[in-house]
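Reading the structure
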Amino acid sequence: MTSSVASDRTPRPSSPPRHGAFSSPNLLKRFFLMCSGATREILYAPSCITELNKYSMFGAIIFFTAGFASLSGGYAAYTAFRDTAVATALGVLWGLFIFTLDRLIVSGIRKQHHEPSDA
């Protein structure tokens, strides 16, 4: 009876984290992946976890660049025309243009093809 009591008091080693277990990215990361123009089906593989984070960061940079471009374009249009509606419309159009241009540039990044090694 003492052996069972002693075994109940000894701490059990916690199981190591499973590296193969991967949950789908949260909503914000999925939005940033959409902004980057990456192929999400490929990036959701557990072996591409570093690439998933890299492309979600690309998407965040593209999104915030377009947001700041929209604000600066709207301010420039307001300075020129002194009309809030025109400034808002031109600011949104300028932000969408910058978003599309940045997404085109990032999606055109040349991917390196890695040959499997014989070793």
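Below, the structure is looked at part by part. Just so you know, these numbers come straight off a predicted model, no measurement behind them.

A look at the nonpolar core
Judged by nonpolar contacts, Leu33, Ala38, Leu43, Cys48, Leu52 and Tyr55 together constitute the single largest core of six residues. For Cys48, the residues in contact, after removing those within four places along its chain, are Ile42 and Leu43. Counting residues in each nonpolar core, the second largest holds five residues, with Cys35, Ala66, Phe99 and Val106 among its members.

What to know about a nonpolar patch on the surface
Taken together, Leu28, Phe31, Met34, Phe63, Phe64, Phe68 and Leu71 make up a surface patch of nonpolar side chains, about 710 Å² in accessible area. For the nonpolar patch, the secondary-structure elements that each account for two or more residues are α2 (27-36) and α4 (49-81). At four residues, α4 tops the list of elements feeding residues into the nonpolar patch. Residue position: Phe68 is located in helix α4. A relative accessible area of 59% places Phe68 in the exposed class.

Analysis parameters
- Residues numbered from 1 in each chain as written.
- Predicted model: local features only at pLDDT ≥ 70, side-chain atom pairs only at ≥ 80, totals over all residues.
- Heavy atoms only, no water.
- Core = buried A, V, L, I, M, F, W, Y, C linked by side-chain atoms within 4.5 Å.
- Buried < 20%, exposed > 50% of the residue type's maximum accessible area, 1.4 Å probe, protein only.
- Contact = heavy atoms within 4.5 Å.
- Patch = residues over 30% accessible without salt bridge, like charges linked within 9 Å, V, L, I, M, F, W, Y side chains within 5 Å.
- Areas by Shrake-Rupley, 256 points an atom, 1.4 Å probe, with all protein chains shown as cover.
- Salt bridge = Lys/Arg side-chain N within 4 Å of Asp/Glu carboxyl O.
- Helix = DSSP H or I, 4+ residues; strand = E, 2+ residues; numbered from the N terminus.

Treat this as a map of the structure, not an account of what it does.
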